[in-house]
Amino acid sequence: MSGSSGGATRIDGERLMGRLDELAQIGAIAGTHGNCRLALTDEDRAGRDLVCTWMADLGLEITIDGLGNVVACTEPGGVADSVMMGSHIDTVATGGRYDGNLGVLAGLEVIESVLASGHMPSRPLSVAYFTDEEGSRFAPDMLGSLAYVGGMALEEALKITDREGVSVGGELDRIGYRGSAPVPGTVPYAYMELHIEQGPVLEFHGIQIGVVEGVQGISWTEVTLRGQSNHAGTTPMPLRRDAGLAACRIAGEVREMAHNIGDSQVGTVGSISLVPNLVNVIAGSATMTVDLRNTSEGMLQHAEARLDEIVARIAEGEHLAAAMRRTARFEPIDFHPSVIDLVERCAAEASLTHRRLPSGAGHDAQMLARVCPTGMIFVPSFDGVSHNPAEYTAPEDIEAGANLLADVVWRLANGDIDGVLSSGADAASDEMAR
Ligand code: HGY
Ligand code: MN
Ligand code: MN
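Residues numbered from 1 in each chain as written. Chains lettered and ligands numbered in written order. Predicted model: local features only at pLDDT ≥ 70, side-chain atom pairs only at ≥ 80, totals over all residues. Heavy atoms only, no water.

1. Examining the pairing of strand S11 (residues 285-294)
Point 1. The buried count for S11 comes to eight of 10 residues, which makes it a mostly enclosed element.
Point 2. Note: strand S7 (residues 217-226) against S11, 10 bridges, orientation antiparallel. Bridging across to S11, Leu225 finds its partner in Ala286.
Point 3. Bridge count between strand S9 (residues 266-275) and S11: eight bridges; the pairing is antiparallel. (Buried < 20%, exposed > 50% of the residue type's maximum accessible area, 1.4 Å probe, protein only. Helix = DSSP H or I, 4+ residues; strand = E, 2+ residues; numbered from the N terminus. Pairing = 2+ DSSP bridges.)

Following this line, the structure appears as structure tokens:
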């Protein structure tokens, strides 16, 4: 391992903003700054190709695995020894240009700045983008990083289909990103992810940096309700078996349940589709999704039990058949305490205002945390808005966050907390073995 000298490099903020702009042209949502690059679509392929070109231009060794996860490393075969940065470049259908993209392009920018400085750290550096982090098209979310860390078998992931019945494996073949590198992938020495907060906390408190402590638990359920489609004009109210009505009642009670549980509990009905979805026909069936999250595993299980009761009671009252399918379920995770401390220390040394907070959103880092010492850095979201084309983070906040990422990664790659991390890595791998 080459020696290191000098401190961490400073990133080139203009170059980073330029790449964010250039990537945002792919799948641009007309009239907005936002993006639609759903996983494994043609837009996703174009985004993947562009980022791979930037990786290749830096002379990085690029590996693509069987699920389309892409890892680029400064040293051939050096991923296991590397400090990895990364995130995702797929977006929700009404996405912004920073969610995920910032973490990947800031990682690339840190590597380019380090290479340009001529001072390599003791460890190699790598940058990754993981497949289908959003889960909007193929559930669960964080699908690529989940498989990368061995949380789902490749064969199982490849069989997952979208609403049209198109499979992950078929789409990977179609866009040419079913690679040959093995799944699970190579575990890096440590993993750092820069991400927009996607919430209101940092902006509300006027703080530049979020020192992320962990990620809350996530539970996605698909509820299918079957009643009887019938004539809207001739069917007396007491004789109806109205799946549409039941879906709306369930949505209302999910909101009430989250409110009554309080604390960090959130509940979202993001999609309801009715059949036949016509003005003069009582809906015979309804399919809806329920997203529940909580920082406490116990409370999340309580919320899931409440949901089961709500669905059963409302379906029975409307004489419907109900089926529920869990499409994503991740327990809350904590990031490595020494990595959290390091992020906090580097932010303080850089005179950046900062505070600790949990992540309300899911991230690839929550999967890497299962196998190696992992941490995250947040930068503020304007108006706390995300998963919306209006998503915005100020360039000065992006530059501050990327420079902090460079500092933290430099310190990790030069063994500043080697002793702690190596014991931490053992603990992480013990965890995985259980
Ligand atoms: O669902 C999430 O929290 C993430 O955006 N995939
Ligand atoms: Mn994201
Ligand atoms: Mn997202």
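2. Comments concerning the side chain of Asp90
Point 1. Tracing the backbone shows Asp90 in the loop between strand S3 (83-87) and helix H3 (101-117).
Point 2. Lacking a salt bridge, the buried Asp90 has Arg48 as its closest oppositely charged neighbour, with an N-O distance of 6.9 Å.
Point 3. Leaving out residues up to four positions away in the same chain, Asp90 has contacts with Arg37, Ala39, Asp44, Phe130, Asp132, Glu133 and Glu134. (Lys, Arg positive; Asp, Glu negative; His and termini not counted. Salt bridge = Lys/Arg side-chain N within 4 Å of Asp/Glu carboxyl O. Contact = heavy atoms within 4.5 Å.)

3. Focus: the coordination of the manganese ion (ligand 3)
Point 1. Around the manganese ion (ligand 3), the protein contributes the donor atoms Asp99 (OD), Glu134 (OE), Glu134 (OE) and His387 (NE2), at 2.2 to 2.6 Å from the metal centre.
Point 2. Mapped onto the polypeptide sequence, the residues donating to the manganese ion (ligand 3) form the spacing pattern D-x34-E-x252-H.
Point 3. The distance between the manganese ion (ligand 3) and the manganese ion (ligand 2) comes to 3.6 Å, and Asp99 binds to both of them. Linking Glu134 in the loop between strand S4 (125-129) and helix H4 (143-148) with His387 in the loop between strand S15 (374-379) and helix H12 (395-413), this pair joins segments that are 253 residues apart in sequence. (Donors = N, O, S within 2.8 Å, 3.2 Å for Na, K, Ca; no water.)

4. Topic: the domain arrangement of the protein chain
Point 1. On domain assignment, one finds that the protein chain holds domain 1 (13-215 + 333-433) and domain 2 (217-330).
Point 2. The C-alpha centroid of domain 2 is placed 33 Å from the C-alpha centroid of domain 1.
Point 3. In this complex, domain 1 contributes 16 residues to the contact, which on the side of domain 2 involves nine residues.
Point 4. Counting each side, the surface lost to burial between domain 1 and domain 2 is near 770 Å², with a carbon and sulfur contribution of 63%.
Point 5. There are zero salt bridges connecting domain 1 and domain 2. (Domains from an automatic or database assignment. Buried area = accessible area lost by both parts, 1.4 Å probe.)

5. Details of the environment of Arg226
Point 1. Checked against the element boundaries, Arg226 lands in strand S7.
Point 2. Between the alpha carbons of Arg226 and Leu115 there is a distance of 59 Å; along the sequence they are 111 residues apart.
Point 3. Once residues lying within four places of it in the same chain are set aside, the contact partners of Arg226 are Arg241, Gly284, Ser285, Leu320 and Ala321.

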